[in-house]
Amino acid sequence: VSPIKAAFIPAQKPASPPLPRQNTKTTPPSPPQIIHDEHRAIQYTRVGFLGEGGFARVYEGKDRRGNRVAIKVVTKSSLKTKKAKTKLYAEIKIHRSLEHPNIVNFGDCFEDDENVYMTLELCDAGSLMDMLRTRRRFTEPETRFFLVQLIGACNYMHSHQVIHRDLKLGNLFLDANMNIKVGDFGLAALIESPGERKKTICGTPNYIAPEVLFDTANGHSFEVDTWSIGVILYTLVVGRPPFQTKEVKEIYKRIRDNAYNFPDDKKTSQDVRNLIQSILTPDPQKRPTLLEILIHEFFTCGVVPDKIPRTAQDKAPVFK
Ligand code: ADP
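Residues numbered from 1 in each chain as written. Predicted model: local features only at pLDDT ≥ 70, side-chain atom pairs only at ≥ 80, totals over all residues.

## Examining the overall build of the protein chain
Our working definition: Working definition: helices are DSSP H or I runs of at least four residues, strands are E runs of at least two. Numbering for both runs from the N terminus. Here the globule rule reads 2.2 Å times residues to the power 0.38, and the radius of gyration is calculated from C-alpha atoms. For every residue pair, C-beta atoms are placed from the backbone, and the pair is scored as a contact if these atoms sit within 7 Å.
Helix and strand counts for the protein chain stand at 10 helices and 10 strands. Taking 320 residues into account, the globule formula puts the C-alpha radius of gyration at 20 Å, and the protein chain, at 20 Å, falls close to it. Seen through its principal axes, the protein chain has C-alpha atoms that stretch 55 × 50 × 40 Å. Looking at the protein chain alone, contacts between residues at least 24 apart form 66% of all its contacts between residues at least 6 apart.

Have a look at this one:
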């Protein structure tokens, strides 16, 4: 099966186990060295720190058999408000319902008196954000490889009525084989009835679709992820996001005015420029579908590697 076709093979959706019990007790700042999932009689040894996000810290852990996992820890002291709890439970409910080769696998969810823990598939090779910092920009074959995987994951989410709403380089993790794993479902939303529109303004400034910011009356839907894919595509081949500037207000103004351009250095092909332009269309209804993106000349007339070597973290690979 070609990578493009493989992107559209639906993966199985697992049954959802029950949500964790609620407990409102407060909190020491660091999780214990040995983390117990008492319910399943599993224990994890905390072996390292992986990173920190808006409300969670993520550690590397090992179970008794030596299997390595990522453990996302949220302190219960940060879950005092009903809103914070609802948000975390929505993240857990959505993330655990998804199973796809290019989505960070959700393991278990449990709690002790201080924290809520989520075990996640470990993404050894960091994120595309880390990699871009070293590499500065990616070659077009690498970009095709990552985009095919991202679009496959996104198509799967959309077919399960999930909008991610925060697709960006920092949420595209890489496993040891340099495969994309989409993570962080903290802003994801479930579309519960056909045609439902979401009204919450959320996302990350550089990647937010114009309708999220400027069409709040109408709301937004799946096409916001397509927009973010356009921003990601631009960022991978150019090396910086299209609407980037210091002031957030100015970023929003550029998004409103669709004001971006390509550097004058002939390093980006006409095919990729055309594709980016069609994705970054202000009217969400006029944006291409995920399938239309994959059958664009950028993908059909260029090399799509079937794997990326780990050395690509530091140096551009050569594809024949
Ligand atoms: P938040 O929801 O608080 O934003 P994230 O899910 O983005 O938290 O995780 C915060 C950081 O932890 C990430 O930027 C990354 O460095 C690290 N991280 C998260 N998930 C994983 C994982 N599955 N494997 C390895 N590192 C991870």
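## Focus on the site of the ligand
Test applied: Each residue receives a C-beta atom placed from its backbone. It is near a molecule or strand if this atom lies within 6 Å of it. Just so you know the grouping, Ala, Val, Leu, Ile, Met, Phe, Trp, Tyr, Cys and Pro go in nonpolar, Asp, Glu, Lys and Arg go in charged, and all remaining residues, Gly too, go in polar.
Near the ligand, the surroundings consist of 19 residues, among which Gly51, Gly53, Val58, Ala70 and Cys123 are the closest. Residue contributions to the shell around the ligand peak at 3 residues, all from strand E2 (residues 42-52). Within the shell around the ligand, the residues separate by chemical class into 10 nonpolar, 6 polar and 3 charged.

## Some words on helix H8 (residues 270-279)
An α-helical turn contains 3.6 residues, so a residue and the one three or four places further along point in the same direction. The line we're drawing: To assign burial, the other C-beta atoms lying within 10 Å of each residue's own C-beta are counted, with C-beta atoms placed from the backbone; 20 or more indicates buried, 12 or fewer indicates exposed, and intermediate counts indicate partly exposed. Directions pointing from the helix axis toward each C-beta atom define the arc.
For H8, every residue scored as buried is listed here: Val272, Leu275, Ile276 and Ile279. Seen end-on, H8 carries its buried residues on one side only, within an arc spanning 100°. Among the structural elements, helix H4 (140-159), helix H6 (223-238), helix H9 (290-294) and helix H10 (297-300) are those in contact with the buried residues of H8.

## Here's the deal with the UniProt feature "binding site: ATP" (unreviewed entry) in the protein chain
Basically, it comes down to this: UniProt positions are given in the numbering used here, feature names are shortened, and annotations may be inferred rather than shown by experiment.
Cross-referencing UniProt, the feature "binding site: ATP" (unreviewed entry) maps to Lys72 in the present numbering. If we ignore the near neighbours within four places in the chain, the residues touching Lys72 are Ala56, Val58, Met118 and Leu120.

## Some remarks on the confidence of the model for the protein chain
The line we're drawing: A residue's pLDDT is the confidence the predictor assigns to it, expressed on a 0 to 100 scale.
Mean pLDDT over the protein chain works out to 91, with 91% of the residues at or above the 70 mark. Low pLDDT, under 50, characterises residues 8-19; the stretch is placed with 18 contacts to residues that sit more than four places away or in other chains. Complex prediction metrics read pTM 0.90 and ipTM 0.96.

## Thoughts on the sheet that holds strand E4 (residues 68-75)
Where we set the bar: In short, DSSP must find at least two bridges between two strands for them to pair. Convention adopted: a line fitted to C-alpha atoms gives each axis, helices being fitted over their contacting stretch, and angles between N-to-C directions are expressed from 0 to 180 degrees.
Within the open sheet, the 6 strands sit side by side as E1-E2-E3-E4-E6-E5. Their pairing is antiparallel. With one partner strand each, in any of the chains shown, strand E1 (34-37) and strand E5 (106-111) form the two edges of the open sheet. Shown here is a sheet whose adjacent strand axes are inclined to one another by a mean of 35°, direction ignored. Two strands pair when backbone bridges link them, and E4 and strand E6 (residues 115-120) are joined in this way by 6 bridges, in the antiparallel orientation. The residue of E6 that forms the bridge with Val74 is Val116.

## Details of the environment of Gly126
Its place among the elements puts Gly126 in the loop between E6 and helix H3 (128-135). C-alpha of Gly126 to C-alpha of Gln313: the two residues are 187 residues apart in sequence and 9.7 Å apart in space. Those residues within four positions of Gly126 in sequence are excluded, and the remaining contacts are Met131 and Leu174.

## What about the environment of Leu280?
Here Leu280 is to be found in the loop between H8 and H9. According to the C-beta neighbour criterion, Leu280 is buried, with 22 such atoms within 10 Å. Placed 25 residues apart in sequence, Leu280 and Ile255 show a C-alpha to C-alpha distance of 9.4 Å.

## A closer look at the pairing of E4
Looking at chain direction, strand E3 (residues 57-62) and E4 are connected through 6 bridges and run antiparallel. Each residue of the ladder has a partner; that of Glu60, found in E4, is Ala70. Here E3 folds back onto E4 in antiparallel fashion, the turn holding 5 residues, of which Gly66 has a positive phi close to 90°.

## A closer look at unusual backbone geometry
Residues other than glycine predominantly adopt negative phi, and peptide bonds predominantly adopt the trans conformation. At Gln161, a residue that is not glycine, the phi angle is positive and equals roughly 65°. In this fold, Gln161 is placed in the loop between H4 and strand E7 (162-163). With 16 C-beta atoms packed within 10 Å, Gln161 lands in the partly exposed category. In this structure, Met178 is a non-glycine residue whose phi angle is positive, near 65°.

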